[in-house]
Amino acid sequence: MGTSEWHIERRSSFGTESPLSRDGGNAPESGSLAIVVLGASGDLAKKKTFPALFHLYRQGFLPPDEVHIFGYARTKISDDELRNRLHGYLVPDKGASPEKLDDVAKFLQLIKYVSGSYDSEDGFRLLDKEISEHESLKNSTEGSSRRLFYLALPPSVYPSVCKMIKTCCMNKSDLGGWTRVVVEKPFGKDLDSAEELSTEIGKLFEEPQIYRIDHYLGKELVQNLLVLRFANRFFLPLWNRDNIDNVQIVFREDFGTDGRGGYFDQYGIIRDIIQNHLLQVLCLVAMEKPISLKPEHIRDEKVKVLESVLPIRDDEVVLGQYEGYRDDPTVPDESNTPTFATAILRIHNERWEGVPFILKAGKALNSRKAEIRVQFKDVPGDIFKCKKQGRNEFVIRLQPSEAIYMKLTVKQPGLEMSTVQSELDLSYGQRYQGVIIPEAYERLILDTIKGDQQHFVRRDELKASWQIFTPLLHRIDGGELKPIPYKPGSRGPAEADQLLEKAGYVQTHGYIWIPPTL
Ligand SMILES: NC(=O)C1=CN([C@@H]2O[C@H](COP(=O)(O)OP(=O)(O)OC[C@H]3O[C@@H](n4cnc5c(N)ncnc54)[C@H](OP(=O)(O)O)[C@@H]3O)[C@@H](O)[C@H]2O)C=CC1
Ligand SMILES: O=C1O[C@H](COP(=O)(O)O)[C@@H](O)[C@H](O)[C@H]1O
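Just so it is clear, the structure is predicted and the values come from calculations on it, not from any experiment.

A short note on the overall build of the protein
From N to C terminus, the protein includes 14 helices and 15 strands. Against the globule reference of 24 Å for 518 residues, the protein gives a C-alpha radius of gyration of 24 Å, in line with a compact fold. If one aligns the C-alpha atoms of the protein with their principal axes, the spans along those axes are about 75 × 50 × 45 Å. For the protein, the residues scored as buried account for 55% of the 518 residues in total. Long-range contacts, defined here as pairs at least 24 residues apart, represent 77% of the contacts in the protein between residues at least 6 apart. Of the roughly 22900 Å² that the protein leaves accessible, carbon and sulfur atoms contribute 53%. Charged side chains of the protein number 68 positive and 75 negative; the gap between the two group centres comes to 3 Å.

Dropping the structure here:
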């Protein structure tokens, strides 16, 4: 089965053949695989990349007779020191069984560490030597070597690191094989810098070799969006401006920048969350049906949506900054960086004309959640006076407690004929008991090994997304727009709720969805 088809991943076998996803049309799906985590000493590597690799290993996707993992960074540490640093992040479940602990030890033995700089050949030549040694030990005769470079690094070093990989570390085999690079967000700071970065990397690698990761595309319910929309008759006729009043895509965190203030202050909430994660979700909610599930067909439709977005109006933006944000010593006292933003995007096409897409993200708020909330218009000719109960809503809770629920009006059970708002609820914890939902990074790294780019951002998508936000970001950077202070632990600035109301969102009072407990 090809990776371009919708399928359930086979847990027992490693890799599937996909003519479409091969880099050079000749990529082997077995043989030695070197996974190199650059920036192995950093936060992302220890919290996400290595744990994701560990989970893949435990499920049999990284067979030890084929795979070796390399950490690379400037910090001078030994193999064992890196392993010790990672150890605590590899046993997330409390009271792990002795077998699981044994898995951790075996996995850690697959990791080797190489220290070197990001802009000189010495370190990368050493890395290449280590990879080649591993390949000569593990390469199977019929297959060929595969090299995956994961850049868990600040984007400022991407160009030099890519150049070093290209100069020193490419896959050597003439039997095919491949070299792929995974780059983390943020890809640039605005349209020009993103294009510059893309051009520099594009001179070194072909687009099928570049995997721009956006981990929201690896979340279970984000991956479910196309199925929900295009495999259900329910939604087909309703999913348009005639029935939908407004759409909210919301990200909330109940903690602040927590030790990442220095990084965050250079970017702000729009570059950190909205321009990438929330906009990717918007694409999947708003795009037309692709002609097939081939990655390029899906990505073509996403680009069309992005290119249909109208310029953002200043009066449809509310920015906020939580009180205490500037207390972080790495944040300048005069920082104008928003830690909260609500922005309305308007899609100028036949399906969505007039429907506000409200993107909202904030740090240090009163709760942690990410969701898509599709609010329908009022029922015409309402004989039940439903309006007082609230509108129909279709909500996709991305996290925590993954769920899909539909708010609808029903008869209040009992003798009286009165109406009440209730819900049809598909809560994953209850419906899929015992099913472990894979971590986004786990799924996406597996896709890079398989050569499936469906859930990665293509260069033209990236460009179109920066085109939407760059004018607004430049006005914020220039101090023309100022964030409104808000209390940590609150809903954010009250002005954001007023904007929502102005955009047509009608809040349901007296009803709250509570995730069912088992
Ligand atoms: N952390 C997170 O939760 C997330 C991070 N990301 C992205 O992933 C990438 C890595 O993030 P994260 O791990 O947090 O970053 P870190 O700041 O932890 O940096 C990773 C490693 O890069 C090296 N490094 C740091 N600063 C520099 C510099 N100025 N020049 C050269 N090397 C440097 C350090 O290794 P050494 O000094 O040993 O070489 C460090 O251990 C970034 O692009 C980030 O935006 C994306 C989503 C979430
Ligand atoms: O990319 C980022 O995402 C995290 C939130 O990810 P989640 O999967 O926990 O929702 C955010 O905290 C961080 O600021 C941002 O860089």
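We are not done yet, so read on.
Re unusual backbone geometry
Look at the link from Lys-185 to Pro-186: it is a cis peptide, with omega at -5°. Examined against the element boundaries, Pro-186 turns out to sit in the loop between strand E5 (178-183) and helix H6 (191-204). A cis amide bond, omega -15°, links Gln-399 with the succeeding residue Pro-400. When you line up the elements, Pro-400 lands in the loop between strand E12 (393-399) and strand E13 (403-411).

Thoughts on the pairing of strand E7 (residues 244-252)
The element E7 is extensively covered by neighbouring structure, given that nine of its nine residues are classed as buried. Here E7 pairs with strand E11 (residues 369-376) via eight bridges, running antiparallel. Bridge pairing in E11 places Ile-249 opposite Ile-372.

Section: the sheet that holds strand E4 (residues 146-151)
A sheet is described by the order of its strands in space; here six strands give the open sequence E3-E2-E1-E4-E5-E6, paired in parallel fashion. Whereas interior strands pair on both sides, the edge strands pair on one side only; in this sheet they are strand E3 (111-115) and strand E6 (210-212). Recorded for the sheet is a direction-independent mean angle of 20° between the axes of neighbouring strands. In this sheet, E3 lies alongside strand E2 (residues 67-73) in parallel orientation, the contact comprising five bridges. If you follow Phe-70 over to E3, its bridge partner there is Lys-112. Strand contacts of helix H2 (residues 79-87): E2 and E3, with the helix running at about 115° to E3, the strand carrying the most contacts.

Comments concerning the packing of aromatic side chains
Tallied over the entire structure, the rule returns 17 aromatic pairs. Plain terms: the ring middles of Phe-234 and Phe-235 are 6.2 Å apart, the flat faces sit at 70° to each other, and that makes the pair edge-to-face. Through pairs of rings, three or more aromatic residues link up here, namely Phe-264, Tyr-322, Tyr-325, Phe-340 and Tyr-486. Stacked on the ring of Trp-178, the Lys or Arg Arg-180 has its end atom at 3.7 Å from the ring centre. A cation over a ring is seen here: Lys-189 above Tyr-267, with NZ or CZ 5.3 Å from the ring centre.

Some thoughts on the site of ligand 2
Taken together, 13 residues sit near ligand 2, with Tyr-216, Lys-219, Glu-253, Asp-272 and Gln-399 positioned nearest. Between Lys-219 and ligand 2, the recorded distance is 2.7 Å, taken from a side-chain N or O atom to an oxygen atom. The separation between an oxygen atom of ligand 2 and a polar side-chain atom of Asp-272 is 2.6 Å. Of all the elements, helix H9 (residues 261-286) adds the most residues to the shell around ligand 2, at three residues. Split into classes, the residues belonging to the shell around ligand 2 amount to three nonpolar, three polar and seven charged.

A look at the side chain of Asn-240
Structurally, Asn-240 can be placed in the loop between helix H8 (225-230) and E7. Of note is the side chain of Asn-240, whose polar atom sits 3.0 Å from the backbone nitrogen of Asp-242. A polar contact is formed between the side chain of Asn-240 and the side chain of Asn-243, at a distance of 3.0 Å. Contacts of Asn-240, omitting those with residues within four sequence positions, involve Arg-351 and Trp-352.

Thresholds, definitions, all that
- Each chain carries its own residue numbering, running from 1 in the written order of its sequence.
- Note on labels: chains are lettered from A, ligands numbered from 1, in written order.
- Confidence filtering applies because this is a predicted model: local features only for residues at pLDDT of at least 70, side-chain atom pairs given and counted only at 80 or more, and all residues used for totals across whole chains, interfaces and linings.
- Each side-chain value is derived from all of the structure's non-hydrogen atoms; neither hydrogens nor water enter the calculation.
- For the purposes of this entry, the term helix denotes a DSSP run of H or I that reaches at least four residues, the term strand denotes a run of E that reaches at least two, and both are numbered from the N terminus.
- Two things to know: the radius of gyration comes from C-alpha atoms, and the globule rule equals 2.2 Å times the number of residues to the power 0.38.
- The rule is simple: take the accessible area with a 1.4 Å probe, protein chains only, and divide by the maximum for that residue type; under 20% is buried, over 50% is exposed, in between is partly exposed.
- The contact criterion used is simple: two residues touch if any of their non-hydrogen atoms lie within 4.5 Å.
- Per-residue and other accessible areas were derived by the Shrake-Rupley procedure at a 1.4 Å probe size, with only the shown protein chains allowed to occlude residues.
- In this tally, Asp and Glu contribute negative charge and Lys and Arg positive charge; neither His nor the terminal groups of the chain are included.
- Charge positions are represented by NZ for Lys, CZ for Arg, CG for Asp and CD for Glu.
- Should DSSP find at least two bridges between two strands, the strands are regarded as paired.
- Only the contacting stretch of a helix is used when fitting its axis, a line to C-alpha atoms as for every element, and angles between N-to-C directions run 0 to 180 degrees.
- Aromatic rings from Phe, Tyr and Trp, with only the six-membered ring used for Trp, were paired whenever their centres fell within 6.5 Å, and each pair was classed as stacked if the ring planes differed by under 30 degrees, edge-to-face if by over 60, and tilted otherwise.
- To sit over a ring, a charge needs its Lys NZ or Arg CZ within 6 Å of the ring centre and within 35 degrees of the ring normal.
- Note on terminology: near, applied to a residue and a molecule or strand, indicates that one of the residue's heavy atoms is within 4 Å of it.
- N or O atoms closer than or at 3.5 Å make up a polar contact, with two conditions inside protein: a donor-capable atom paired with an acceptor-capable one, and, for residues adjacent in sequence, both atoms drawn from side chains.
- The nonpolar class holds Ala, Val, Leu, Ile, Met, Phe, Trp, Tyr, Cys and Pro. Asp, Glu, Lys and Arg form the charged class, and all remaining residues, Gly among them, are polar.

Geometric descriptors of this kind do not, in isolation, establish any biological role.
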